Amino acid sequence: MRLTAFTDFGLRALMRIASEPERAFSTAEIADEFGISRHHLTKTMAALANAGFLTTRRGAGGGAMLARPAAQIGLGEVVRVLERDQPLVECFRVDGGACVITPQCRLKSFLFAAEAAFLDRLDHFTLADCALDPRGRPVNEALS
């Protein structure tokens, strides 16, 4: 399964913010650090805030912070929210898509089960499990 850039950016931003949960991060700061589009990251940060993963403040000293502890933010939950409008295959679209073999397709149920298993596995991990340390390395590698 390939995640969209939208989800990739969201996960990276959350991992970075979780590295220093007591401070606010600007979108520009995160975009510059990871070399990603500020414009796209702005949309992603807004989606994360709307979903209740982040709180945001405008102005001097403003930015984004985690809305709850990283240990209470499941990776499966984040991916489900950010991938909500990105079906794995066309026939998973809300409108059913335009696939001509849908009425006789047996692959759809296999793909549905695989996607569910992928998300189920992510449900076993939290943002705390993959938070970066302030120097940008995964926490578990920083300790070795």
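Relevant structure appears above.
Residues numbered from 1 in each chain as written. Predicted model: local features only at pLDDT ≥ 70, side-chain atom pairs only at ≥ 80, totals over all residues. Heavy atoms only, no water.

Trainee: Sorry if this is basic, but what is going on with the pairing of strand β2 (residues 63–66) here?
Mentor: Side-chain positions along a regular strand alternate between the two faces of the sheet. Alternating positions in β2 separate into two faces, Gly 63 and Met 65 on one and Ala 64 and Leu 66 on the other, with burial throughout. Where strand β1 (residues 54–57) and β2 come together, four bridges link them in antiparallel fashion. Paired with Thr 55 across the two strands is Met 65, which belongs to β2. Linking β1 back to β2 in an antiparallel pair, the connection comprises five residues, with Gly 59 at a positive phi of about 90°. (Buried < 20%, exposed > 50% of the residue type's maximum accessible area, 1.4 Å probe, protein only. Helix = DSSP H or I, 4+ residues; strand = E, 2+ residues; numbered from the N terminus. Pairing = 2+ DSSP bridges.)

Trainee: What am I meant to see in the environment of Leu 127 here?
Mentor: Within the secondary structure layout, Leu 127 lies in helix α6 (residues 127–130). Sequence separation between Leu 127 and Ala 51 is 76 residues, and the spatial gap between their C-alpha atoms is 15 Å. Discounting residues that sit within four places of it in the chain, Leu 127 has contacts with Leu 14, Met 15, Ala 18, Leu 66, Ala 70, Ile 73 and Leu 75. (Contact = heavy atoms within 4.5 Å.)

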